[in-house]
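# Summary of the model geometry
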Amino acid sequence: MPQALHRTLALCTAALCSSAWAQSGVTVSGIADSAVRQVRNDGGGSIRSLVSGSNSTSRLVFRGSEDLGGGLAAGFWLESGLALDTGATTGGTQFYDRRATLSLSGKSLGELRLGRDYVPTYIAWSRLDPFSHVGVAGSNNLGGNGPTGPIRAAFGTNANTTVRASNSVQAFLPGGLGGVEGGVMVAAGEGGSAANGANKLIGARLGWSGGGHGVVVATARTTNDLTGRDRPFRDTVVGGQTGLGPVKLTAAWRRFEHADATQTNLMLSAVYAIGPGELKLSLLRADLSGRVGSTTVSANDARQIGLGYVHHLSKRSALYAQAARIDNDGRGNFVIPGGPALTAGGRSSGVEAGLRHSF
Amino acid sequence: MPQALHRTLALCTAALCSSAWAQSGVTVSGIADSAVRQVRNDGGGSIRSLVSGSNSTSRLVFRGSEDLGGGLAAGFWLESGLALDTGATTGGTQFYDRRATLSLSGKSLGELRLGRDYVPTYIAWSRLDPFSHVGVAGSNNLGGNGPTGPIRAAFGTNANTTVRASNSVQAFLPGGLGGVEGGVMVAAGEGGSAANGANKLIGARLGWSGGGHGVVVATARTTNDLTGRDRPFRDTVVGGQTGLGPVKLTAAWRRFEHADATQTNLMLSAVYAIGPGELKLSLLRADLSGRVGSTTVSANDARQIGLGYVHHLSKRSALYAQAARIDNDGRGNFVIPGGPALTAGGRSSGVEAGLRHSF
Amino acid sequence: MPQALHRTLALCTAALCSSAWAQSGVTVSGIADSAVRQVRNDGGGSIRSLVSGSNSTSRLVFRGSEDLGGGLAAGFWLESGLALDTGATTGGTQFYDRRATLSLSGKSLGELRLGRDYVPTYIAWSRLDPFSHVGVAGSNNLGGNGPTGPIRAAFGTNANTTVRASNSVQAFLPGGLGGVEGGVMVAAGEGGSAANGANKLIGARLGWSGGGHGVVVATARTTNDLTGRDRPFRDTVVGGQTGLGPVKLTAAWRRFEHADATQTNLMLSAVYAIGPGELKLSLLRADLSGRVGSTTVSANDARQIGLGYVHHLSKRSALYAQAARIDNDGRGNFVIPGGPALTAGGRSSGVEAGLRHSF
């Protein structure tokens, strides 16, 4: 707690000061989420494990903002991912792997953010995934960890820019534009290599939402020492959602492209609010096409179906149970994490039940 | 400080709200402990050093809980060990190496904890060590860092389960059982190896305390890729304590077993409360027997005697001074940490004086 | 927030308690600082990057103190450097690389600090650098990262003691000595090597300030396995400052010596307060002489000129812009960080503009 907050508190004992609270000081918050999971993979049997972050990634966050007057504010956000099952950080020595940003924002100007942040395409996509891109049924399972495709070709086994980028400047539209929102991100390559996380990225996102409905488009273009300057990795998202009483439906399309290889993901989902809980269904397909080098990858497709139920114990805590199954074609090896080795082209299935606590 | 706490504070300025404080928000706390130590080892001379955590391990803790109503609560605990002398984390990138847990608890149901936590045998043992398992006189000195015995045979130089286990589920008895307390822990092996910290463990603890007296038994069984499935590492603790006016006496017995090797530790201690301080005496013996592979280890025993004084400056801060000596037999090489190389079978002695500050 | 603070808060709702606030509890604070930088190096072209900590190093701090009564206090300070551009810690797994200390202090006795801390020479020097030893115009650019000289000869590429030392005990003079202040530091070598950060150091600092003027002298002597016991690395600082209305002028001299090599840095600076900002000018010279092994290093000198403007948005936040140029002689390769490879003896120039937010 900074000195400024100390001073505020001392003053607050004599008078109401709720507005002062919102304007200064450091907020320590986060999420602790853990589940018991079992994953069965064709050719490998099954493994039972304790996992972290299946409803929402476990994390610790330090953040704050300062009212500079005239509608202007400065703020920071440091967010560190953690594995609740082992106590490890998810980013190793990249402690604030989830987000490390500094902001200057104005009520009518929007926000300018510097640092490590989510890319526009991920912001658009993840909001459309009822499983928040994590857990046995999350759309992350059909990302870049499967068979070689455009993502692996452009980044090798290094960190890719399908979720976040370091060294970025991102500008967000202000609020109050009739439901229109969006942003533009530029990240510097800094003359580095993909191996040390240096990716040059330019991306943008534009969305509209109102009355329970929404649409969004986003795109990003990344180059690094592996892609070369003239063959960028491209990432495009188009999606929408609509509310029908207690049901929310989403459809999202995402295409990854690099050189001669393309991966197209399609996700359809439904969330049904029932009592203090919600029932979630997600259908996902990854369609690879083209070649990586001289190897044809187009047969290595996969489909995932996920089903889950979240029971809210309070605004901050929830119990959940979810199950999912991935069916691979060709030499596809998309899997639900935590299982034994999968025979390429086989099936991966998983179930889990856990507790998520926000703090 | 989470939003929920912000709101609580704003309300609290108008009325007393001590109960609300206990129910939400993140608590940042910890211990900073450092001492000047000198260790003399037979055959190596002596080394003077600044050390961390000799009265209580230096650490930073983030924790909190939420009252869910009806006697139920959700909570989390993230505890990171640190070396105050160098600024390093004790767990490397396993930042919350000391504890990373998520809990669901009920007043009459007890507590269910998921994550990385202390094993039942360590909980039982450490409470009986007046030196809290750390410092020149701590019982950790006669643990697995000495000559090859059952611990080294079962875990190599990897992390062992004599203190903590990752990937665990632990259930604790509720309070209000007439002084009876205990718990059961299961940790998943997850198909991994001892080298990456994957140990399959099952353990339990049962104790009773009342009127200054107490008894406890605890046991755990661990298998991993080094032990094999049929030759578990076994850890058993039996102990008791009794109070005689200003004196607290403890006796504790712990046996580590793997394959043909056994290590039996016996610890007798006395703590004498005098004024704002306490005088502590601990006698410890490690008795190895049997074989590791074809090598007989039974001659490599050791005895430790430790003496200390803690002077409490306040509830949170204390000055302390302590000394200890280890005498090894055979090829025994148990040492007080921080010294030069010891000639096997020799004596290791150390003194230290420091400050412990809880925050 | 520790329990003690919880209790204090509950009590504070009924009465004023500003003094209690200052006496207990954990303060979480820090700095988030990021800038867009361009560095051009002779022979290598230019690189544009997002950088961290150009006005003041980005960091997260946990600290607190406890009033023990009678003018005595115990306290701790844990400070972790971070790279806001990537989310990494600056110290890797040495998380609290900037400072990790435990203190016992008395109003009339001064302060005794244990742990990892700033060395006396750095404390003296850094206060005289208007660019706080960081950024394109900071005096760190002419430190040990340039051509081989006494620093490299004594420490190799390992951490050196020109800024901080681990395993240290430092005693500070109390306040109220008519502007006289200072301290003595001793750090243990612990029988280790420079490669694992073990340096044996003894140093002292003495200064006086009053009426806007001040003088300081400081010295330190370090030995490790690379220097040998009889050829210490020596670090000496002499400096002064004076205020002339809105202008503050400083002059500082620092000499690094090891064996037959010497590096002498001279820094002259002026800071001009204008409105809500300040204009800063710094002239720096590094003069190498003597030999490292059989290689003469005396031709490898360099000069740096730096200019900057800081515009304070509030007490906590500021915008800044700064530029600097380094001209190398001989085979000198001092550079402004973040650029491409420099041809030895060439010029390095950089500009940057950013935001610093203290929290």
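Thresholds applied
Residues numbered from 1 in each chain as written. Chains lettered and ligands numbered in written order. Predicted model: local features only at pLDDT ≥ 70, side-chain atom pairs only at ≥ 80, totals over all residues. Heavy atoms only, no water. Helix = DSSP H or I, 4+ residues; strand = E, 2+ residues; numbered from the N terminus. Rg over C-alpha atoms; globule rule 2.2 N^0.38 Å. Buried < 20%, exposed > 50% of the residue type's maximum accessible area, 1.4 Å probe, protein only. Patch = residues over 30% accessible without salt bridge, like charges linked within 9 Å, V, L, I, M, F, W, Y side chains within 5 Å. Areas by Shrake-Rupley, 256 points an atom, 1.4 Å probe, with all protein chains shown as cover. Salt bridge = Lys/Arg side-chain N within 4 Å of Asp/Glu carboxyl O. Pairing = 2+ DSSP bridges. Lys, Arg positive; Asp, Glu negative; His and termini not counted. Charge placed at Lys NZ, Arg CZ, Asp CG, Glu CD. Contact = heavy atoms within 4.5 Å. Phe/Tyr/Trp six-rings, centres within 6.5 Å; stacked < 30°, edge-to-face > 60°. Polar contact = N/O pair within 3.5 Å; in protein donor to acceptor, adjacent residues only side chain to side chain. pLDDT = per-residue confidence, 0-100.

### What about the overall build of chain A?
Helix and strand counts for chain A stand at four helices and 18 strands. In summary, chain A has a C-alpha radius of gyration of 21 Å against a globular reference of 21 Å for 359 residues, a match within 12%. The dimensions of chain A, computed from C-alpha atoms along their principal axes, are 70 × 50 × 40 Å. Here chain A holds 359 residues, and the buried ones make up 55% of them.

### Here's the deal with unusual backbone geometry
As a rule of thumb, non-glycine residues mostly have phi less than zero, and peptide bonds are mostly trans rather than cis. One non-glycine residue, B:Glu190, lies in positive phi territory at about 60°. Looking at where B:Glu190 falls in the secondary structure, it is placed in the loop between strand S8 (180-187) and strand S9 (200-210). With relative accessibility at 25%, the residue B:Glu190 sits in the partly exposed group. Unusually for a residue other than glycine, C:Asn167 sits at a positive phi of about 55°. Judged by relative accessible area, which is 5%, C:Asn167 ranks as buried.

### Points about a nonpolar patch on the surface
Residues and elements named next belong to chain A. A surface patch of nonpolar side chains, about 650 Å² in accessible area, is lined by Leu173, Leu177, Val180, Leu206, Trp208, Val215, Val217 and Val238. With respect to the helices, strands and loops of the structure, Leu206 is situated in strand S9 (residues 200-210). Judged by relative accessible area, Leu206 falls into the partly exposed class, the value being 48%.

### Overview of the pairing of S9(B)
Residues and elements named next belong to chain B. Bridge analysis of S8 against S9 gives eight bridges, and the strand direction is antiparallel. If you follow Val184 over to S9, its bridge partner there is Ala204. As defined by bridge partners, S9 adjoins strand S10 (residues 213-223) across eleven bridges and the pair is classed as antiparallel. Across the sheet, the residue bridging to Ile202 is Arg221, located in S10. In this antiparallel pair of consecutive strands, S9 and S10, the connection spans two residues, and Gly211 shows a positive phi of 60°.

### A look at the pattern of salt bridges
Applying the stated rule across the entire model yields 39 salt bridges over all chains. As a salt-bridge pair, B:Asp117 and B:Arg99 come within 3.9 Å of each other at their nearest N and O atoms. Placement of the pair is B:Asp117 in strand S6 (residues 110-118) and B:Arg99 in strand S5 (residues 99-106), with a sequence separation of 18 residues. Ionic pairing is found between C:Arg325 and C:Asp327, a salt bridge with its closest N-O pair at 3.1 Å. According to the relative accessible area criterion, C:Asp327 is buried, its value standing at 17%. Salt bridges here are not isolated pairs; linked through shared partners, they connect A:Arg99, A:Glu111, A:Arg113 and A:Asp117.

### Describing a positive patch on the surface
A grouping of A:Arg48, B:Lys200, B:Arg221, B:Arg229 and B:Arg234 is seen on the molecular surface, where their side chains present a positively charged patch. Within the secondary structure layout, B:Arg221 lies in strand S10.

### Here we look at the environment of A:Ser349
Position of A:Ser349 relative to the elements: it lies in strand S18 (residues 347-358). With residues up to four places along the chain from it excluded, the contact list for A:Ser349 reads A:Gln38, A:Val39, A:Arg40, A:Asn41, A:Ala324, A:Arg325 and A:Ile336.

### Description of the packing of aromatic side chains
Under the definition given, this model contains 21 aromatic pairs over all chains. The interplanar angle of 70° and the centroid separation of 5.9 Å between the aromatic rings of B:Phe62 and C:Phe62 together place this pair among those described as edge-to-face. Of this pair, B:Phe62 sits in strand S3 (residues 59-69) while C:Phe62 sits in strand S3 (residues 59-69), each in a different chain. The exposure class of C:Phe62 is buried, given its relative accessible area of 1%. Plain terms: the ring middles of B:Phe95 and B:Tyr96 are 4.9 Å apart, the flat faces sit at 85° to each other, and that makes the pair edge-to-face. Residue class for B:Tyr96 comes out buried when judged on its relative accessible area of 0%. Joined through ring pairs, the aromatic side chains of A:Phe95, A:Tyr96, B:Phe95, B:Tyr96, C:Phe95 and C:Tyr96 make up one cluster.

### Thoughts on the side chain of C:Asn328
Residue and element names in this part refer to chain C. Considering the arrangement of structural elements, one finds Asn328 in strand S17 (residues 317-328). Taking relative accessible area as the criterion, Asn328 reaches 6% and is therefore assigned buried. Within polar-contact distance, the side chain of Asn328 engages the backbone nitrogen of Asn333 at 3.4 Å. Dropping the residues within four chain positions of it, Asn328 is found in contact with Asp301, Ala302, Asn333, Phe334, Leu342, Gly345 and Gly346.

### Points about the confidence of the model for chain A
Residue and element names in this part refer to chain A. Summarising the model, chain A shows a mean pLDDT of 93, and 93% of its residues fall at 70 or more. Low pLDDT (under 50) marks residues 1-23, which in the prediction has 54 contacts with non-local residues, meaning those over four places away or in another chain. Overall fold confidence for the complex sits at a pTM of 0.93, while the interface term, ipTM, reaches 0.92.

### Concerning the pairing of strand S4 (residues 72-81) of chain B
Residues and elements named next belong to chain B. Summarising burial for S4: eight of the ten residues are buried, a large majority. Where S3 and S4 come together, ten bridges link them in antiparallel fashion. Within S4, the position partnered with Ser65 by the bridge is Gly75. The antiparallel hairpin formed by S3 and S4 contains two residues in its connecting segment, where Gly70 sits at a positive phi of about 65°. The pairing of S4 with S5 spans eight bridges and is classified as antiparallel. Across the sheet, Ala74 pairs through a bridge with Leu104, a residue of S5.

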